[in-house]
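# Summary of the model geometry
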Amino acid sequence: MGTYIPHTEDEVATMLAFLGLDSVEQLFDVVPEALRLQRGLELAPGAGEPDVLAHMEELAGRNRARSDRLVCFAGGGAYDHEIPSVTRALGGRSEFVTSYTPYQPEVAQGVLQAVFEFQTMVSRLAGLPVANASLYDGGSAAVEAVNLAVAATGRQTVWVSAGIHPHWRQMLETFAAGTGHRIRTIPLRDGLTAWPDPDDDPAGGGEAPGVLLVGYPNYLGCIEDVAEARSVCDRTGALLVVGADPVAAGLLRSAGEWGADVMVGEGQAFGTTLGFGGPYLGLFACSAAHVRRLPGRLVGETVDVEDRRAYVTTLRAREQDIRREKATSNVCTNQTLMAVTAAIQLGWLGTSGLVELARRCAQATRYARDALVGLDGIEPFVGASVVREFALRLPVPAALVIDRMADEGFLAGIALEDEYEGGSHGLLVAVTERRTRDEIDAYVTALGKAVA
Amino acid sequence: MGTGDNASHGGAPGGKATSAPLLGHDNEPTLFELSHPGRRAWSFRTTGVPERSVEELIPETHRRAEPVPLAEVSERDLVAHFTRLSHRQFSVDLGAYPLGSCTMKYNPKVCDTVAGLPGLAGVHPATPASLSQGWLALLVELDEALCEVTGMAAATLQPAAGAAGELTGLLLMRAWHEAQGSVRHKVVIPDSAHGTNPASVTLGGYEVVTVPSDERGCVDMAALADVLDEDVAGIMLTNPNTLGLFEEDIAAIAAAVHEVGGLLYYDGANLNAILGVVRPGDMGFDIVHMNLHKTFATPHGGGGPGAGPVAVSERLVPFLPGPRAVRVESDEQSPVYEWVTPPRSIGRVHTWHGNALVLARALAYILANGGDGLRQIAEVAVLNANWIRQRLTGTYDVPFDRPCMHEVVLSVRTIKLAHGVRALDVAKRLLEEGFHAPTVYFPLIVDEALMIEPTETESPQTLEALAASLERIAYEANTQPEGWMAEFPRHTPVRRVDEARAARTLVPTFDARS
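Residues numbered from 1 in each chain as written. Chains lettered and ligands numbered in written order. Predicted model: local features only at pLDDT ≥ 70, side-chain atom pairs only at ≥ 80, totals over all residues.

### Focus: the overall build of chain B
To keep things clear, this is the line we draw: The numbering of helices and of strands both runs from the N terminus, where a helix is a DSSP run of H or I of at least 4 residues and a strand a run of E of at least 2. Values of the radius of gyration come from C-alpha atoms, whereas the globule rule sets the reference at 2.2 Å times the count of residues to the power 0.38. Any residue with 12 or fewer other C-beta atoms within 10 Å of its own C-beta is exposed, any with 20 or more is buried, and the rest are partly exposed; the C-beta atoms used are placed from the backbone. Contacts here follow a simple rule: the backbone-placed C-beta atoms of the two residues must lie within 7 Å.
Check the secondary structure of chain B and you find 15 helices and 12 strands. In terms of C-alpha radius of gyration, chain B reaches 26 Å, essentially the compact-globule figure of 24 Å for 514 residues. With the principal axes as the frame, chain B shows a C-alpha extent of 75 × 65 × 50 Å. In chain B, buried positions account for 60% of the 514 residues. Residue pairs in contact within chain B that sit at least 24 positions apart in sequence constitute 74% of those at least 6 positions apart.

Pasting the structure below:
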């Protein structure tokens, strides 16, 4: 029998006899003969564990840019942060890893309580009273937030800052094909969103937005004027969705303080490996007014029949399996394990650690940026202030520089998309708390040579 | 076998979780209640970067006045807290989890090792293709394997879960019809479908048309013929369906849908039943999503991460989400991989490349099993489900009394009418026996449904123990006074919870407690 099948051949024979069958083949008598696969699957024969590992290690070995070989200066929503042993050990516990969605709360209090604690932490970070159990990633959280806002306002026009991650905006466009939302990108001026005056907006064709989406800080690392976005919302009745960097949020005023209706974010920074982009963690928090439109799962506290504290998924009537075609979100499976991991990591950081993490990122970023803009031919891409990430304008294409820098032992950053003016010469650089002064100094020297 | 006699399987009870911590009775305080001002667990690398204060780094108008209040605990307290929480959690590693439609099979540990390889886990997603050839090769290898399993031409690996795959498939359907110059408004789904199907249809911009099941538990062909017209963009089917039954008329369904220009979407929730036996592509499907966290054994993480790749037939390949990893030089010795966005792509459906480490686990699982091993999975999954069906026939109602595939739907209807015991009571009572409960009240078309999916990784001894527990529960239902069953479970970390109160008085965070 196959690798993970316990049955012996004798046991299979006994079970078949119990069913009155002679062969395994007869189990599939209901499948029309003409449709059945008349050959074996054209896949290699099953391999033992050492051979499987050897194959996967060979593939892994072909990745030159791995954080233990190239020093990582790339960000864009995915960061090389410290993941302590305690987070790895607890987040890897098989009770959390190998359980299903907590449909039976009596035997799922572990996951339910961990998610409740996660929701509390995200809510505090966001400055908003409700947070869900997670969405797939930052981009999917943004898509769901826009859907919530459109449903709440009844207006399908979406104003999205060009300072929102380009991939998030591409996702908004993709899903708008089904919902019919009209996505309008609002350009940046020197790094900050230049919101149109809603009373004097010839390009808008008279359509008031139902939602504004702004990054804080934005994709270029700049600290947006969220108050201005709030003011546009107040004048138009649109909802404000803030796409927050949850690490920078350790130092910045919260989305809630700025008057956001919804905060979304990419939660990878809290204990999840770079992992080539997934699984990550979509963060989602909102004001009390919108709780019944909250996408995804929500854990609430209650009691059991003995009046003991207990947790359960709640407001289930919002969800797809009950509302079916009337549901405003189809999310079922989410990223619960990453949410539990984030709760562990935020427990490890604690109140002082989150501030310290964010401060260390910001100070290393400042140190690196000051040194880099002193190099010949390298300029800041925009002038606005930044927290933990920044863009540079290089004298040569960024993609070329990234290639050259790999030979010097660095993943230099992300080449900016062409949509930004001079984008091909733009390099987005992130400096986390893990980068040492020596690494940064060596990076600066290497970049100076790479652009020459 | 089949006698109810444990001795015939060596007496091992198998698969029951009866370890003490899970039966513990004390509440675990929240991390916030364990907090003690001044305690800390964090430590960071010594970097030598010149120190700067927050005041120097952040303009005052943007600076947070107070830190985000999190818990303040020692590392030791943190470990104790989450370890105790883990003891209040049932899992596949602890015992059998016959949750219908969820394919809660054993998750091989080698896949954990794979997901932790530094050369996979340590790669930034924005790394250029030239520096991440191993990852692109891995994605192409998985793409090709999934296409072989499903009989399709190419796949996108971006969707992060089954529902994300469904919506991706519907957007592919929409793009394809638009490219034919055809505007269609309706998508047909059977009344036995998963709730994500109708929700995804709505988000895809289509109207749901429901077709009933017939007395065999399959799509009612006459009713289908009535709803099919040139306004139908396609049909979404799960085969075997959510009753665990194979839609024998699938070829006729495919012909009828294609006749009006519609497309067939295969919901892969139940793919485990047919691995290597019959392929969606050969049944006539145009779009297929797979749940790697079901069929390909990637762990479900208490509610995710999953992965929901979507494979399509040749004519839909140009519409797939992008970018996709593709092999651009077919030189066997030194193939080169590149990111390519298909010419008429519907766009991006994930921030990066999908749940990549989940994809790596799935590839490792496929390699470990191989082609023959995958077929054996289907065989034993179907064997186990039929054994349970046969064994429990007479004890519970079997609404559709014919051979099932990988899962069986029983009903508690007769017991309920006679003694007032419901499917929910049976499920809660089974928790007390050390098994996870089956799926209950689904599919919606079966009264008091118990949906049992044993999976191929549960041994005959475990099936025996599970069946014996379900028989004992039925006996109790028939003999104990009314209301007796409602007292269970008694020894789980908490007993039945007040779900109505949770919704009425919403407490979604620690701060919302009164």
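### Observations concerning the overall build of chain A
The secondary structure content of chain A amounts to 12 helices and 17 strands. Considering only C-alpha atoms, chain A reaches an extent of 80 × 50 × 50 Å along its principal axes. A burial count over chain A gives 62% of its 452 residues as buried. Of the contacts made within chain A by residues no fewer than 6 positions apart, 73% connect residues no fewer than 24 positions apart.

### Description of the interface of chain B and chain A
Spelled out, the test is: When residues are sorted by character, Ala, Val, Leu, Ile, Met, Phe, Trp, Tyr, Cys and Pro go into the nonpolar class, Asp, Glu, Lys and Arg into the charged class, and all the rest, Gly among them, into the polar class.
Taken together, the contact pairs 180 residues of chain B with 177 residues of chain A. Element by element, the count of residues in the side of chain B that touches chain A is highest for helix α11 (residues 356-392) of chain B, at 24 residues. When the residues that make up the side of chain B that touches chain A are grouped by side-chain class, the tally is 98 nonpolar, 52 polar and 30 charged.

### Considerations on the sheet that holds strand β11 (residues 439-440) of chain B
Residue and element names in this part refer to chain B. The line we're drawing: Two strands are counted as paired when DSSP detects at least two bridges linking them.
Strands sit in the order β10-β12-β11 across an open sheet of three strands; the sheet is antiparallel. Among the strands making up the open sheet, the edge pair consists of β10 (408-411) and β11. Examined bridge by bridge, β11 and strand β12 (residues 449-452) share two bridges and lie antiparallel to one another. Counterpart to Val440 in the pairing with β12 is Leu450.

### A look at the environment of Asn147(A)
Residue and element names in this part refer to chain A. Its place among the elements puts Asn147 in helix α6 (residues 138-153). Residues Asn147 and Val158, 11 residues apart in the sequence, show an inter-C-alpha distance of 9.8 Å. Filtering out sequence-adjacent residues up to four positions away, Asn147 remains in contact with Thr179, Thr328 and Ser329.

### Points about unusual backbone geometry
In terms of backbone geometry, most residues other than glycine have negative phi values and most peptide bonds are trans. Each neighbour pair has its own omega, and for Tyr216(A) with Pro217(A) the value is -10°, a cis peptide bond. Topologically, Pro217(A) is positioned in the loop between β7 (211-216) and α8 (226-236). With an omega dihedral of 0°, the bond running from Asn239(B) to Pro240(B) counts as a cis peptide bond. Looking at the secondary structure, you find Pro240(B) in the loop between β4 (232-237) and α9 (250-259). For Phe276(A), which is not glycine, the phi dihedral falls at a positive 55°. Structurally, the position occupied by Phe276(A) is in the loop between β9 (262-266) and β10 (282-286). Classification of Phe276(A) as buried rests on a count of 30 C-beta atoms within 10 Å.

### Section: the domain arrangement of chain A
Interfaces are frequently sized by the accessible area removed from exposure as the parts join. All names here are of chain A. How we decide: In this document the domain limits rely on a domain assignment from an automatic tool or a database.
Domain boundaries in chain A define domain 1 (71-84 + 350-450) and domain 2 (87-344). Counting from both sides, the interface comprises 28 residues of domain 1 and, opposite them, 25 residues of domain 2. Secondary structure elements with two or more residues in the side of domain 1 that touches domain 2: α10 (336-372) and β14 (389-393). The element contributing the most residues to the side of domain 1 that touches domain 2 is α10, with seven residues. Per-class residue counts for the side of domain 1 that touches domain 2 are 17 nonpolar, five polar and six charged.

### As for the packing of helix α7 (residues 166-179) of chain A against helix α6 (residues 162-179) of chain B
Stated precisely, the cut-off is as follows: Between N-to-C directions, angles span 0 to 180 degrees; the directions come from axes that are lines fitted to C-alpha atoms, helices contributing only their stretch in contact. Working rule for angles: under 35 degrees goes down as roughly parallel, over 145 as roughly antiparallel, 65 to 115 as roughly perpendicular, anything else as oblique.
Contact geometry of α7(A) with α6(B) gives a least axis separation of 10 Å together with a crossing angle of 70°. Looking at the two axes, α7(A) sits roughly perpendicular to α6(B). For the pair α7(A) and α6(B), contact is made by Thr174(A), Ala177(A) and Gly178(A) and by Leu170(B), Leu171(B) and Arg174(B), respectively. Classifying every residue of the contact of α7(A) with α6(B) by side-chain character gives three nonpolar, two polar and one charged.

### Quick word on helix α7 (residues 196-203) of chain B
In an α-helix there are 3.6 residues to a turn, and that puts residues three or four apart on one side. Where burial is concerned, most of α7(B) is hidden: eight out of the eight residues are buried. Count one or two residues on from α7(B) and you reach Gly205(B), which has phi positive near 85°.

### Let's talk about the sheet that holds strand β16 (residues 414-415) of chain A
Residues and elements named next belong to chain A. Spatially, β13-β14-β17-β16 is the arrangement adopted by the four strands of the open sheet, whose pairing is antiparallel. The outermost strands of the open sheet, each flanked by one partner alone, are β13 (379-380) and β16. Bridge count for β16 against strand β17 (residues 426-430) is two bridges, and the pairing is antiparallel. Counterpart to Ile414 in the pairing with β17 is Leu428.

### Section: the environment of Ser91(B)
As for its placement among the helices and strands, Ser91(B) is situated in the loop between α2 (75-86) and α3 (109-115). Take Ser91(B): there are 28 C-beta atoms within 10 Å of it, and that puts it in the buried class. Once you skip the residues sitting within four places of it in the chain, Ser91(B) turns out to touch Ser94(A), Glu95(A), Thr98(A) and Ser99(A).

### Let's talk about the pairing of β14(A)
Residues and elements named next belong to chain A. In terms of burial, β14 is a largely internal element, four of the five residues being buried. By the bridge criterion, five bridges tie β14 to β17 in an arrangement that is antiparallel. Looking across to β17, one finds that Glu389 is bridged to Ala430.

### Observations regarding the confidence of the model for chain B
Close inspection of predicted coordinates is inappropriate for parts of the model with low pLDDT. Residues and elements named next belong to chain B. Stated formally: Scored from 0 to 100, pLDDT reflects the predictor's confidence in each residue.
Within chain B, residue pLDDT values average 94, and 96% of them lie at 70 or more. Below pLDDT 50 for its whole length, residues 1-10 participates in 16 contacts with residues either more than four positions away or in separate chains. For this predicted complex, the interface confidence reaches an ipTM of 0.98, while the overall pTM sits at 0.97.

### Side note on helix α11 (residues 398-407) of chain A
All names here are of chain A. Stated formally: Throughout, the arc means that of the directions going from the helix axis to the C-beta atoms.
Of all the residues in α11, the buried ones are Ala398, Val401, Ile402, Met405 and Ala406. End-on view of α11: buried residues confined to an arc of 140°, all on one side of the axis. Of the surrounding secondary structure, the elements contacted by the buried residues of α11 are β15 (410-411), β16, β17 and α12 (437-450). Where α11 ends, the next residue or the one after it, Gly409, has phi of about 95°, a positive value.

### Focus: the pairing of strand β8 (residues 239-244) of chain A
Residue and element names in this part refer to chain A. Where we set the bar: Here is how to tell: hold the view so the strands point away, follow the path from the first strand over the helix to the second, and if it runs clockwise the crossover is right-handed.
Most of β8 is tucked away, with six of its six residues classed as buried. Burial along β8 is two-sided: Leu239, Val241 and Gly243 facing one way and Leu240, Val242 and Ala244 facing the other are all buried. The pairing of β7 with β8 spans six bridges and is classified as parallel. Its bridge partner being in β8, Leu212 is matched across the sheet by Leu240. Note that the unit made of β7, α8 and β8 has a crossover that is right-handed.

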